[in-house]
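Now for the letters of each chain:
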Amino acid sequence: MSTEIDKNNRWSAVQEILDGAENIIMSTHMNPDGDGLGSQLAMADYLESKGKKFNILNPSPVPEDLYFLSEYADFRHYDRQTQKHILAAADLAIIFDIGDYNRLGHLGEDLEELGIKLLSIDHHPHKEPNGFSHSVHDVTACATGYLIYDFLKYANGSMETISLEAAEGLYVAIMTDTGSFRFNNTDAAAHEMAGELIRFGVRPYELYQQVYESAPVEKVKLLGAVLENIHLSAGGKLAWFIVTREMIKEAGASSTHVGGFTDTVRSIKGVEVAVMLHEIADNKTRLNFRSKGRVKIDDLARQFGGGGHPVAAGAVVRQTMDTTREAIIPATASEIKKQLSEGSQL
């Protein structure tokens, strides 16, 4: 049974859960981002200060643009053949920024089988039942990292006792999930958090360079191939593109290099929604949706088995890319037309 922790006393309840655990697993979603990894890094700092034993096991490896965070924490790619025993020894798993339990992959299956207490801390909307025994889900938060920041202030009394590495993890979390403070989830609280972290000693320009200005040439080559083949639909309000395994091979890139591509395509003048179709396997296609805000795309993602935010969502479809494209492009174009028409009548 899932228990949503009351907002008025959520951090005291979370602290009580952590105090009662001795061996903790931390994880986040497949294809982890700065928010999930930065949240793990900051929580690892807290758990270490309390003498807790913990392991960070994620369903996917750390992407190249965030690999520098691995200098501060041991992020491990979960392998059920060799690491399931680590789960069996744990008495609590904390899951960050997940959106949907299924995004844990095999790790989620094994946690469920072992019956481990599960605590979810997230700013995504969740369906019910959501698979967690306890949860703090706050869709008003700009990032999961903000929730961890808020918890650490409560638990420590201030931010003065955390490490610089934890502060940098939190800054990466909020910087990446707000699109460097330009997405519409950027609020006063986000800037106040950033200001406190900067006063603590975080250097924004260094972290920005690490994340956004250290792209391998293979990623840039792959982006070039994408930009040469952008398609426009719905009167120019929908921009979509494909990333095939062959395109990745020709660029010498990897599937982790597609991060940020949909945001780039969304920046085209007149486009309201951008969609990426990423070929994972013969019958497996990853969808990535980005909206400028006038069109909400989370319900559309859920229709295809995914989820997310109104302006940033995704899904994995167990079909060929061609079959997926034939379904998703007309559906997205129709949704854009419907929502913009309804908006014009308000």
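None of the values given here were measured: they were computed from a predicted structure.

(A) Spatial organisation of the sheet that holds strand 4 (residues 75-77). The seven strands are arranged 1-7-6-5-2-3-4 in an open sheet whose pairing can be described as parallel. Each edge of the open sheet is held by one strand with a lone partner, namely strand 1 (3-4) and strand 4. Looking at chain direction, strand 3 (residues 53-58) and strand 4 are connected through three bridges and run parallel. What sits directly across from Asn58, in strand 4, is His77. Against the sheet, helix 3 (residues 80-88) touches strand 2 (23-28), strand 3 and strand 4, its axis set at about 140° to strand 3. Across the sheet, helix 5 (residues 144-156) touches strand 5 (92-96) and strand 6 (118-122), and the angle it forms with strand 6 is around 110°.

(B) Region of interest: unusual backbone geometry. Its identity as a non-glycine residue notwithstanding, Phe181 has a phi of 65°, on the positive side. Its location among the elements puts Phe181 in the loop between helix 6 (164-177) and helix 7 (188-200). A positive phi angle is found at Ala234, which is not glycine, with a value near 55°. When you line up the elements, Ala234 lands in the loop between strand 8 (231-233) and strand 9 (238-243).

(C) Layout of the pairing of strand 11 (residues 284-291). The buried count for strand 11 comes to six of eight residues, which makes it a mostly enclosed element. The hairpin turn running from strand 10 (residues 273-281) into strand 11, its antiparallel successor, is two residues long. When strand 11 meets strand 13 (residues 312-317), the two strands line up antiparallel, connected through six bridges. Following the sheet pairing, Leu287 is matched in strand 13 by Ala315.

(D) Main features of the environment of Gly20. In this fold, Gly20 is placed in the loop between helix 1 (10-19) and strand 2. Separated by 288 residues in the primary sequence, Gly20 and Gly308 place their C-alpha atoms 31 Å from one another.

(E) The arrangement of the packing of aromatic side chains in detail. Tallying each qualifying case throughout the model produces six aromatic pairs. Ring centres 5.3 Å apart and planes at 80° place the aromatic pair Tyr46 and Phe151 in the edge-to-face group. Remark: Phe151 occurs in helix 5 and Tyr46 occurs in helix 2 (residues 34-49); sequence separation between them is 105 residues. You'll find Tyr46 and Phe151 in the same group, each marked buried. By the ring-pair criterion, three or more aromatic residues cluster together here, those being Trp11, Tyr46 and Phe151.

(F) Examining the environment of His29 more closely. Its place among the elements puts His29 in the loop between strand 2 and helix 2. Along the chain, His29 and Leu107 lie 78 residues apart, while their C-alpha atoms are 9.9 Å from each other. Dropping the residues within four chain positions of it, His29 is found in contact with Pro59, Phe96, Asp97, Ile98 and Arg103. In terms of polar contacts, His29 uses its side chain to reach the side chain of Asp33, at 3.5 Å.

What counts and what doesn't
- Residues numbered from 1 in each chain as written.
- Predicted model: local features only at pLDDT ≥ 70, side-chain atom pairs only at ≥ 80, totals over all residues.
- Heavy atoms only, no water.
- Pairing = 2+ DSSP bridges.
- Helix = DSSP H or I, 4+ residues; strand = E, 2+ residues; numbered from the N terminus.
- Contact = heavy atoms within 4.5 Å.
- Axes fitted to C-alpha atoms, helices over the stretch in contact; angles between N-to-C directions.
- Buried < 20%, exposed > 50% of the residue type's maximum accessible area, 1.4 Å probe, protein only.
- Phe/Tyr/Trp six-rings, centres within 6.5 Å; stacked < 30°, edge-to-face > 60°.
- Polar contact = N/O pair within 3.5 Å; in protein donor to acceptor, adjacent residues only side chain to side chain.

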